[in-house]
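Working through the structure, step by step
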Amino acid sequence: MNKETICALATANGMGAIGVIRVSGDDSFRIVNKVFEGKNLEKATSHTVHYGFIKDADEVIDEVMVAVFHAPKTFTTENSVEISFHGSPHIAKRILEALIKNGARMAKAGEFTLRAFMNGRIDLSQAESIADLIASENEASRKVALNQLKGGISQEISLLRTDLLNFTSLIELELDFAEEDVEFADRTALNGLLNKIEYKLSSLIESFQYGNAIKNGTAVAIIGKPNAGKSTLLNALLKEERAIVSNIAGTTRDTIEEVLHIKGHAFRLIDTAGLRETMDEIEAIGVQKAKEKVAQAEVLVYLVDAATADFSEDFEMLRSLLRDKLELIICLTKIDEVVPTQFEAIEDLFRKEINHPFDFIKISALENRNIQELKNELSSFVEQMKSEEGNAVITNQRHFEALQRSLDAVNQVKEAVSSQITTELLAYELRNAIEYLGEISGEFTNDEVLGNIFSKFCIGK
Ligand code: GDP
């Protein structure tokens, strides 16, 4: 089906020292050779690089290096060529035009990776991990994407799926011998396998929380009464970050987020827009606004001014903000202003009044004391989400959903096994589970799913 030869700019669209155009398909060598002045590329050996010029008709467009890759050891498994040119978008356009005139066509979004998948070089979850790898912005997301590209989760699932498939064949064989009432599939062993799969699926599903933290960062809300020291803390936290920090104007929500990196993990500080101006704006933070912020957050850093005489407003505010599964860090601020003997009494007071687990950290943002401890606390919140099993981490919503469906289906099978259901129904439930498991690696997919995944890629991927 991939007879057509496709081409596209593989590097970012903009000026650069060099740009790379990728060409893939049966006719790659013939087509590029027609616009190339230099060695005869149709005779070039695989994995070699050649110096020359790209021409359109007789006009020289650029001086280039051309790399030749013979099928099947290429990204797409097809004959492929990569043209490195002087990185001007205009030159890219001219070279692409010349290739198209000679029989190539522009690649669609994600088409190179789609071909790698269709030609069986990678499975679907690996194709998706390529997109993740390209989008990775920190160490953790890079590592997880790379692990998945190497076949991390899909291989494990594929093995379990094969085992399940073998059982299903045995059970289906029983159907053929229905009158004789034989049992080819050992029900105890089947149960054992189902338990193993259930455990694996559950731990992968659990890893999604960590996966999400890696991929999208962990959302943190910094809340506290006016003058508690929020903006001073924000400045202290971002001090080292300043050089690389980016102000991301939320595109979907109308808020400003700042990103803090700690030990390779990203933390998104939610809606910090107002914090920096609090000196002018003495108006109290409305509880409603605080609630909105906390609703988006996984971690709440609540600031308490150590010099406060009466904490009842803090208790009230906190109680109205807390919800299940919210990680709470109570930060006693301005500790440089009070005598240390008071700290413990204040902590006790909060432990008594606040019916929610929390970490208690004493800081002075002004003197930069214990800011690192707060950072460590944030970092360990993410670290403890890591699955005990280690590497396998789900980062993709599609995988998460497929895993949940698989788990439901596996539980149905377990129920079927224990409830003396008919062999027909058992076989049906098994097929269901196998199909869902296959969705992750792409063994069972439809065009709509594929279209959806690959259309999110850029052209040239
Ligand atoms: P916000 O309204 O919660 O953002 O509070 P600010 O960060 O604007 O701080 C209010 C006041 O407290 C400012 O005068 C800060 O300089 C002061 N402040 C903040 N953190 C500390 C601290 O750790 N120690 C001391 N002594 N003062 C602080």
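Quick word on a nonpolar patch on the surface
Taken together, the side chains of Leu 170, Leu 173, Phe 177, Val 182 and Phe 184 present a nonpolar region at the surface, about 360 Å² in accessible area. Within the secondary structure, Phe 184 is located in the loop between helix H6 (152-176) and helix H7 (187-216). For Phe 184, a relative accessible area of 37% puts it in the partly exposed group.

Some details on the environment of Phe 69
Residue position: Phe 69 is located in strand E5 (residues 59-69). Residues Phe 69 and Ser 80, spaced 11 residues apart in sequence, show a C-alpha to C-alpha distance of 5.1 Å. Not counting chain neighbours up to four residues away, the residues in contact with Phe 69 comprise Phe 29, Ser 46, His 47, Thr 74, Glu 78, Asn 79, Ser 80 and Glu 82.

Description of the site of the ligand
Around the ligand sit 16 residues, and of these Asn 227, Lys 230, Ser 231, Thr 232 and Asp 336 come closest. In the model, an oxygen atom of the ligand is placed 3.3 Å from a nitrogen or oxygen of the Ser 364 side chain. With respect to the ligand, the backbone of Ala 365 contributes an N or O atom lying 2.9 Å from an oxygen atom. Surface burial for the ligand is 84%, taken as the share of its 580 Å² of free accessible area covered by protein chains.

Focus on the confidence of the model for the protein chain
Summary statistics for the protein chain give a mean pLDDT of 85 and a share of 91% for residues scoring 70 or more. The weakest mean pLDDT in the protein chain belongs to strand E9 (residues 247-249) at 39; the strongest belongs to strand E6 (residues 80-86) at 98. Segment residues 243-255: pLDDT under 50, and 18 contacts once partners within four positions in sequence are set aside and those in other chains are kept. Note that pLDDT drops below 50 for residues 276-284; the model gives that stretch 11 contacts with residues more than four away or on any other chain.

Remarks on the packing of H6 against H7
The axes of two packed helices give the description: the angle between them and the distance between them. It is the contact of H6 with H7, at a shortest axis distance of 11 Å, that shows an interaxial angle of 155°. When the interaxial angle is binned, H6 and H7 end up roughly antiparallel. Where H6 crosses over H7, the two elements pack in a sense that is left-handed. In contact with Ile 153, Glu 156, Ile 157, Leu 160, Asp 163, Leu 164, Phe 167, Ile 171 and Glu 174 of H6, H7 contributes Arg 187, Ala 189, Leu 190, Leu 193, Leu 194, Lys 196, Ile 197, Lys 200 and Leu 204. Here the contact of H6 with H7 is composed, by residue class, of 12 nonpolar, no polar and six charged.

Overview of the pattern of salt bridges
Summed over all chains, the structure comprises 22 salt bridges. As a salt-bridge pair, Arg 94 and Asp 56 come within 3.7 Å of each other at their nearest N and O atoms. Here Asp 56 lies in strand E4 (residues 48-56) and Arg 94 lies in helix H2 (residues 89-101), a separation of 38 residues in the sequence. Both residues of the pair, Arg 94 and Asp 56, count as buried. With a closest N to O distance of 2.7 Å, Arg 105 and Glu 111 form a salt bridge. The buried category is assigned to Glu 111, whose relative accessible area is 8%.

A short note on the pairing of strand E14 (residues 359-362)
Where strand E13 (residues 327-333) lies against E14, four bridges are found, and the strand directions are parallel. Bridging from a neighbouring strand, Leu 332 pairs with Lys 362 of E14. At this point the chain moves from E13, through helix H11 (residues 341-353), to the parallel E14, and the crossover so formed is right-handed.

Remarks on the sheet that holds E6
Taken together, seven strands build an open sheet; the order of strands is E3-E4-E5-E6-E2-E1-E7 and the sheet is mixed. Where the open sheet ends on each side, the last strands, each with one partner, are strand E3 (36-38) and strand E7 (105-106). Bridge count between E4 and E5: nine bridges; the pairing is antiparallel. Within E5, the position partnered with Tyr 51 by the bridge is Met 65. Packed on one face of the sheet, helix H3 (residues 111-118) meets strand E1 (6-9), strand E2 (18-24) and E7 and runs near 135° to E1.

Things to note about the packing of aromatic side chains
A full pass over the atoms with the stated rule returns six aromatic pairs. With centroids separated by 5.9 Å and ring planes inclined at 70°, the aromatic side chains of Tyr 51 and Phe 53 adopt a geometry described as edge-to-face. By relative accessible area, which is 27% here, Phe 53 ends up partly exposed. A ring pair is formed by Phe 208 and Phe 400, whose centres lie 4.2 Å apart and whose planes are at 15°; its orientation type is stacked. Placement of the pair is Phe 208 in helix H7 and Phe 400 in helix H13 (residues 397-418), with a sequence separation of 192 residues. When its relative accessible area of 10% is taken as the criterion, Phe 208 is described as buried. Classification of Phe 400 by relative accessible area gives buried; the value is 16%. Put simply, the rings of Phe 311, Phe 315 and Phe 350 touch in pairs and so form one group of aromatic residues. For Arg 22, the ring lying beneath its charged end belongs to Phe 75, and the centroid distance is 4.6 Å. The ring centre of Phe 112 lies 5.3 Å from the NZ or CZ of Arg 22, which sits over that ring.

Calculation rules
Residues numbered from 1 in each chain as written. Predicted model: local features only at pLDDT ≥ 70, side-chain atom pairs only at ≥ 80, totals over all residues. Heavy atoms only, no water. Patch = residues over 30% accessible without salt bridge, like charges linked within 9 Å, V, L, I, M, F, W, Y side chains within 5 Å. Areas by Shrake-Rupley, 256 points an atom, 1.4 Å probe, with all protein chains shown as cover. Salt bridge = Lys/Arg side-chain N within 4 Å of Asp/Glu carboxyl O. Helix = DSSP H or I, 4+ residues; strand = E, 2+ residues; numbered from the N terminus. Buried < 20%, exposed > 50% of the residue type's maximum accessible area, 1.4 Å probe, protein only. Contact = heavy atoms within 4.5 Å. Near = heavy atom within 4 Å. Polar contact = N/O pair within 3.5 Å; in protein donor to acceptor, adjacent residues only side chain to side chain. pLDDT = per-residue confidence, 0-100. Axes fitted to C-alpha atoms, helices over the stretch in contact; angles between N-to-C directions. Parallel < 35°, antiparallel > 145°, perpendicular 65-115°, else oblique. Left-handed = near helix turned anticlockwise from the far one by under 90°. Nonpolar A, V, L, I, M, F, W, Y, C, P; charged D, E, K, R; others polar. Pairing = 2+ DSSP bridges. Right-handed = clockwise from strand over helix to strand, strands pointing away. Phe/Tyr/Trp six-rings, centres within 6.5 Å; stacked < 30°, edge-to-face > 60°. Lys NZ or Arg CZ within 6 Å of the ring centre and 35° of its normal.

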